[in-house]
Amino acid sequence: MTVTSEAPTTRRTRGILIASLTSACGCACVFCGLPDSRPHTVLPVETLTTAVSRPPDGATRWEEVNITGGDPLVMPAARRLFPALLSLRPYYERLSVSTAGVPARATLAGLDELDDGSPLDVYVSLDGVGEVHDRVRRRPGAFAEVSAFLAEARRRDSVSVALTCVINRLNVDGLDDLADHAEAEGLPVSYAVVNSSDHYINSLPLYRDVSLTPEQSAAAVDFLTRRSRQRLDTDLRSVLRGEARRLPCRLLHRGALLTSDGAVAICGTSQRMVLADALPGDDLAGAWDGALGRRRELLSAGAAQTCRTCTTNCFAWRSSDGPIPG
Ligand code: SF4
Ligand code: SF4
């Protein structure tokens, strides 16, 4: 297909695209199935280009493109996709990147390559302070590394940093330390709760070792009540109590997840959300449009039932997304 990097003439902006550039990263988090997935995959540049340049519903650009992984800033093969991504800026309003910031030097090299001076949101995983974080990442020194990355990244005018924390069995007793640390650093932090599909559907065996006990769920509810101000708080507490989540999700409404193996899904929490397995190379544009077009069919078949117990917060409806859909 032919893709132009000239600005589209109309500006209908719609949806969020999460593109996982690679399944490899520098950590082996206790709740993540990606480190064990082999062989690691890297998103083909043609697939990335097709997805970015074809937002949903005839829109001319995405509200946001988020690149994730694995760790897109750390892995050189993922970083080689940055020039193509940056050349497609007219097709998205905002760019964000998710990273663990470990190791710091490699992550900063990646940030150098991605930061072209335009606004860039950087979501950094921080699951505890000191050894708690190291244990969750399963990497000694991870807290020191991510701290070094944060210090450097925050010096950049174009970069906005926010922390994300996945509450799990290993860090649930250290959440106040984390909140104190984030407060002292002046960094916003949002919370999710580990679930059976973190990360990318395939980590159910890990979940058994890191899921919250009933007592820990109660402690997490207490913590969120006292310390967190995110819009999803009420729903996270409901789900922890066994009730349904209500806050809509940007992915459910107009989002798409493109994984590094070329599969397309509404999100990564369930097989029910998968819109297409690996896209065929011979008609990428048609296959991409066809995958996005299956959303209605999946939702009619009840895929959104998954949302009732979803404890992922990253793409919860924000105040700036306007009125909550009925
Ligand atoms: S959660 Fe992220 S940083 Fe941790 S192992 Fe998985 S991909 Fe890597
Ligand atoms: S399962 Fe969670 S992440 Fe997926 S669409 Fe529903 S609320 Fe969003």
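In the annotation of an unreviewed UniProt entry, the protein is listed under the name Radical SAM core domain-containing protein and assigned to Rugosimonospora africana.

Enquirer: What is the right way to read the overall build of the protein from this model?
Expert: For the protein, the count of helices and strands is 13 helices and nine strands. Taking as baseline every contact in the protein between residues at least 6 positions apart, the subset at least 24 positions apart corresponds to 77%.

Enquirer: Explain unusual backbone geometry here, please?
Expert: Glycine aside, the phi torsion of most residues is negative, and most peptide linkages are trans. Look at the link from Gly-69 to Gly-70: it is a cis peptide, with omega at 10°. Looking at where Gly-70 falls in the secondary structure, it is placed in the loop between strand E2 (62-68) and helix H2 (76-79). A cis amide bond, omega -5°, links Val-102 with the succeeding residue Pro-103. Within the element layout of this structure, Pro-103 appears in the loop between strand E3 (92-99) and helix H4 (104-114). Positive phi, close to 50°, is recorded for Arg-138, a residue that is not glycine. Looking at where Arg-138 falls in the secondary structure, it is placed in the loop between helix H5 (131-137) and helix H6 (142-153). Accessibility expressed as a C-beta count within 10 Å gives 14 for Arg-138, which makes it partly exposed.

Enquirer: What exactly am I supposed to notice about the site of ligand 1 here?
Expert: In the vicinity of ligand 1, 13 residues are found, and the nearest of them are Cys-25, Cys-27, Cys-29, Cys-32 and Ala-100. A breakdown of the residues in the shell around ligand 1 according to their chemical character gives eight nonpolar, four polar and one charged.

Enquirer: For this particular structure, what's the right way to read the pairing of strand E1 (residues 16-20)?
Expert: Remark: a regular strand shows side chains that alternate across the two faces of the sheet. Counting buried positions along E1 gives five out of five residues, so the element sits mostly inside the fold. Burial of the side chains of E1 extends over both faces: Ile-16, Ile-18 and Ser-20 are buried on one face and Leu-17 and Ala-19 on the other. Of the strand pairs in this sheet, E1 and E2 are connected by five bridges, and their pairing is parallel. Looking at the pairing, Ile-18 lines up with Asn-66 of E2.

Enquirer: Would you explain the packing of helix H1 (residues 45-52) against helix H12 (residues 284-293) in this entry?
Expert: Angle between the axes and distance between the axes are the two parameters that describe a pair of packed helices. It is at 10 Å that the axes of H1 and H12 come closest, and there the two elements cross at 55°. Considered as vectors, H1 and H12 are oriented oblique to each other. The chirality of how H1 crosses H12 is right-handed. Facing H1, whose interface residues are Glu-46, Thr-47, Thr-50 and Ala-51, H12 presents Leu-284, Ala-285 and Trp-288.

Enquirer: For this particular structure, what's the right way to read the packing of H4 against H6?
Expert: Interaxial distance between H4 and H6 falls to 8 Å at its minimum, and their mutual angle equals 30°. The angle between H4 and H6 places the two elements in the roughly parallel class. Considering the relative orientation of H4 and H6, their crossing is right-handed. Here Ala-104, Thr-107, Leu-108 and Leu-111 of H4 come into contact with H6, specifically with Glu-145, Ala-148, Phe-149, Glu-152 and Ala-153. Among the residues forming the contact of H4 with H6, the class breakdown is six nonpolar, one polar and two charged.

Enquirer: Sorry, what's going on with H4 here?
Expert: Every α-helical turn comprises 3.6 residues, leaving residues that sit three or four positions apart pointing alike. Of all the residues in H4, the buried ones are Ala-104, Thr-107, Gly-110, Leu-111 and Leu-114. Take H4 and look down its axis: the buried residues cluster within an arc of 125°, on one side only. In this structure, the buried residues of H4 make contact with H2, helix H3 (82-87), E3, strand E4 (120-125) and H6.

Enquirer: Any chance you could explain the sheet that holds E4 here in plain terms?
Expert: Note on sheets: strands pair through backbone hydrogen bonds, and any given pair is parallel or antiparallel. Strand order in the open sheet formed by nine strands is E6-E5-E4-E3-E2-E1-E7-E8-E9, with mixed pairing between adjacent strands. Because the sheet does not close on itself, it has two edges, and the strands there are strand E6 (189-193) and strand E9 (274-276). Where E1 meets strand E7 (residues 255-258), four bridges bridge the pair, whose relative direction is parallel. Looking across to E7, one finds that Ile-18 is bridged to Leu-257.

Enquirer: Mind showing me how you'd approach the nonpolar core here?
Expert: The tendency in soluble globular proteins is for nonpolar side chains to be buried side by side. Counting residues in hydrophobic clusters, the biggest one holds 88 residues, and the most contacted among them are Leu-17, Ala-19, Val-52, Ile-167 and Ile-266. Examining the composition of this core, we find that five residues originate from one element, H6, more than from any other. Each residue touching Ile-167, except ones within four places of it in the same chain, is listed here: Val-172, Leu-175, Tyr-191, Ala-192, Val-193, Val-194 and Ala-220.

Conventions we followed
Residues numbered from 1 in each chain as written. Chains lettered and ligands numbered in written order. Predicted model: local features only at pLDDT ≥ 70, side-chain atom pairs only at ≥ 80, totals over all residues. Helix = DSSP H or I, 4+ residues; strand = E, 2+ residues; numbered from the N terminus. Contact = placed C-beta atoms within 7 Å. Buried ≥ 20, exposed ≤ 12 C-beta atoms within 10 Å, placed from the backbone. Near = placed C-beta within 6 Å. Nonpolar A, V, L, I, M, F, W, Y, C, P; charged D, E, K, R; others polar. Pairing = 2+ DSSP bridges. Axes fitted to C-alpha atoms, helices over the stretch in contact; angles between N-to-C directions. Parallel < 35°, antiparallel > 145°, perpendicular 65-115°, else oblique. Left-handed = near helix turned anticlockwise from the far one by under 90°. Arc of directions from axis to C-beta. Core = buried A, V, L, I, M, F, W, Y, C linked by C-beta atoms within 7 Å.

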